[in-house]
Amino acid sequence: METASIFLTTHEAIQAIVADFRQYDPQIILFSNILPLMTDGRIHLKRESGRNGAWINRQGKPAMKWLNGPELVAYMCDAITQTRWHPQLLATVCARVFQTRASPETDTETENLGVCLETNMENFNCRQCGSCCRFLEYRNEVTPDDVAQWRAAGRKDILKWVDEIRLKNHTLSFRTWVNPITGEQTQGCPFLREGSQSGRWICRIHDVKPAICRQFPLSRKHAVMSGCRGFKKEA
Ligand code: SF4
Ligand code: SF4
């Protein structure tokens, strides 16, 4: 059986790495593993046994600073965003972060540089348990392309659950899913409904669902970390 894979542009791959570090508890061992590659050994990280954080000497600053919790995650995400990526480095880091094979690739249609990731989706079987939609991991990851698609299709029923936010740098960000009556973000997706078979759930906007849903899970690791049972063998 052919191994399933996905092509991510350089930008998408960097976003996916950042999302991975944002989603889970600080992945300090993984970060200390990729940091020397990303910074050519210019930034040092030291762990301390029994403590959930790290000492880091930031670029141009000789003193080490203790970082943990959200501050450490923010530091990791900044370091990833500011790295000067080249295709081989990106593939090497993707392979470690997503625990799969990755190689530098050029999209034949667009000629965009990027990374080809093995997803192992040929071994994936969605159980329609709805867990990924009832306990959403994403809050602000709906993209301008998703929104443009809904606008073009006149999908006001979807757009009313999306809040548009203009950031300081004039780019747009989108909060989902925001209850149009209460103004609060929902824990689960409003477009999920129970199917006719007990315990099976269905996406009501399957044909136009956001890219982040179409790509879920990005890898076996992503599935395991988020509690998705799609890679488990049927009992
Ligand atoms: S958590 Fe996994 S198995 Fe369950 S519905 Fe989502 S993708 Fe399918
Ligand atoms: S849009 Fe569909 S796939 Fe995405 S979270 Fe909602 S119900 Fe699930």
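The structure presented is a predicted model; accordingly, all values stated were derived computationally and were not measured.

Undergrad: Mind laying out the site of ligand 1, listing which residues take part and the relevant values?
TA: Around ligand 1 sit Phe124, Cys126, Arg127, Gln128, Cys129, Gly130, Ser131, Cys132, Phe216 and Cys228, and those are all the residues in its vicinity. Within the shell around ligand 1, the residues separate by chemical class into six nonpolar, three polar and one charged.

Undergrad: Explain the side chain of Thr176 residue by residue, including any values.
TA: With respect to the secondary-structure elements, Thr176 resides in the loop between β8 (172-175) and β9 (192-194). Filtering out sequence-adjacent residues up to four positions away, Thr176 remains in contact with Tyr138, Arg139, Asn140, Val142, Trp161, Val162 and Gln185.

Undergrad: Kindly report on the nonpolar core, identifying the contributing residues and their values.
TA: As a rule of thumb, nonpolar side chains are buried together in soluble globular proteins. Residues Ile17, Phe21, Phe31, Met38 and Trp85 are the most contacted members of the largest nonpolar core, which totals 36 residues. Of all elements in the fold, only α1 (10-23), α2 (28-39), β3 (53-57), α3 (69-82), α4 (87-98) and β6 (113-118) reach the threshold of two or more residues within this core. Residue contacts for Phe31: discarding those within four places in its chain leaves Phe21, Met38, Leu45, Tyr75, Met76 and Ala79. In this structure, Tyr138, Trp150, Val162 and Ile205 belong to the second largest nonpolar core, which totals 14 residues.

Undergrad: Explain the sheet that holds strand β2 (residues 44-47) residue by residue, including any values.
TA: Spatially, three strands are ordered β2-β3-β4 in an open sheet, and the strand pairing comes out antiparallel. One side of each edge strand has no neighbouring strand; the edge strands of this open sheet are β2 and β4 (65-68). Mean inter-strand twist for the sheet, computed between neighbouring axes without regard to direction, equals 35°. For β3 and β4, the ladder comprises four bridges, and the chain directions are antiparallel. Paired with Trp55 across the bridge in β4 is Trp66. Here α2 sits on the sheet in contact with β2 and β3, set at roughly 150° to β2. Along the sheet, α3 contacts β3 and β4; its crossing angle with β4, the most-contacted strand, is approximately 100°.

Undergrad: I'd like a description of the sheet that holds strand β1 (residues 5-9), backed by residues and values.
TA: The three strands are arranged β1-β6-β5 in an open sheet whose pairing can be described as antiparallel. Here the strands that pair on one side only, and so sit at the sheet edges, are β1 and β5 (102-106). Sheet twist, expressed as the mean angle between neighbouring strand axes with direction ignored, is 30°. Where β5 and β6 come together, five bridges link them in antiparallel fashion. Counted as the bridge partner of Ser103 is Cys116 from β6. Sitting on the sheet, α1 touches β1 and β6, and the angle it makes with β1 is about 105°. Along the sheet, α4 contacts β5 and β6; its crossing angle with β5, the most-contacted strand, is approximately 140°.

Undergrad: Please set out the packing of α2 against α4 residue by residue, giving values where relevant.
TA: The relative placement of two packed helices is expressed as an angle between their axes plus a distance between the axes. Packing of α2 against α4 brings their axes to within 10 Å, and their N-to-C directions diverge by 175°. If you check the angle between α2 and α4, you find them roughly antiparallel. On α4, the residues touching Leu30, Asn33, Ile34, Leu37 and Met38 of α2 are Leu89, Thr92, Val93, Arg96 and Val97. Here the residues of the contact of α2 with α4 are counted per class, giving seven nonpolar, two polar and one charged.

Undergrad: Residue-level account of the site of ligand 2, with values.
TA: Every residue lining ligand 2 is accounted for by Cys133, Leu136, Tyr138, Cys189, Phe191, Leu192, Cys203, Ile205, Lys209, Pro210 and Cys213. For the shell around ligand 2, the class distribution of residues is 10 nonpolar, no polar and one charged.

Undergrad: A description of the confidence of the model for the protein should follow, citing residues and the corresponding values.
TA: For the protein, the mean per-residue pLDDT works out to 90, and 98% of the residues sit at or above 70. Within the protein, the lowest mean pLDDT, 86, falls on helix α9 (residues 220-225), and the highest, 97, falls on helix α7 (residues 156-159).

Undergrad: Account for the packing of aromatic side chains, with residues named and values stated.
TA: The full count for this structure, using the stated rule, is seven aromatic pairs. Their ring planes at 85° and their centres at 6.3 Å tell us that Phe31 and Tyr75 sit as a pair that is edge-to-face. Residue Phe31 is found in helix α2, and its partner Tyr75 is found in helix α3; the two are separated by 44 residues along the sequence. With respect to burial, Phe31 and Tyr75 carry one shared label: buried. When the ring of Trp150 is compared with that of Trp177, the centres are 5.9 Å apart and the planes differ by 40°; the resulting orientation is tilted. With Trp150 in helix α6 (residues 144-152) and Trp177 in the loop between β8 and β9, this residue pair connects regions lying 27 residues apart in the sequence. Each of the two residues, Trp150 as well as Trp177, counts as buried. Through a chain of ring-to-ring contacts, three or more aromatic side chains come together here, namely Trp150, Trp161, Trp177 and Phe191. In this structure, Arg51 packs its charged tip against the face of Trp66, placed 3.9 Å from the ring centre.

Cut-offs and rules
Residues numbered from 1 in each chain as written. Chains lettered and ligands numbered in written order. Predicted model: local features only at pLDDT ≥ 70, side-chain atom pairs only at ≥ 80, totals over all residues. Heavy atoms only, no water. Near = heavy atom within 4 Å. Nonpolar A, V, L, I, M, F, W, Y, C, P; charged D, E, K, R; others polar. Helix = DSSP H or I, 4+ residues; strand = E, 2+ residues; numbered from the N terminus. Contact = heavy atoms within 4.5 Å. Core = buried A, V, L, I, M, F, W, Y, C linked by side-chain atoms within 4.5 Å. Buried < 20%, exposed > 50% of the residue type's maximum accessible area, 1.4 Å probe, protein only. Pairing = 2+ DSSP bridges. Axes fitted to C-alpha atoms, helices over the stretch in contact; angles between N-to-C directions. Parallel < 35°, antiparallel > 145°, perpendicular 65-115°, else oblique. pLDDT = per-residue confidence, 0-100. Phe/Tyr/Trp six-rings, centres within 6.5 Å; stacked < 30°, edge-to-face > 60°. Lys NZ or Arg CZ within 6 Å of the ring centre and 35° of its normal.

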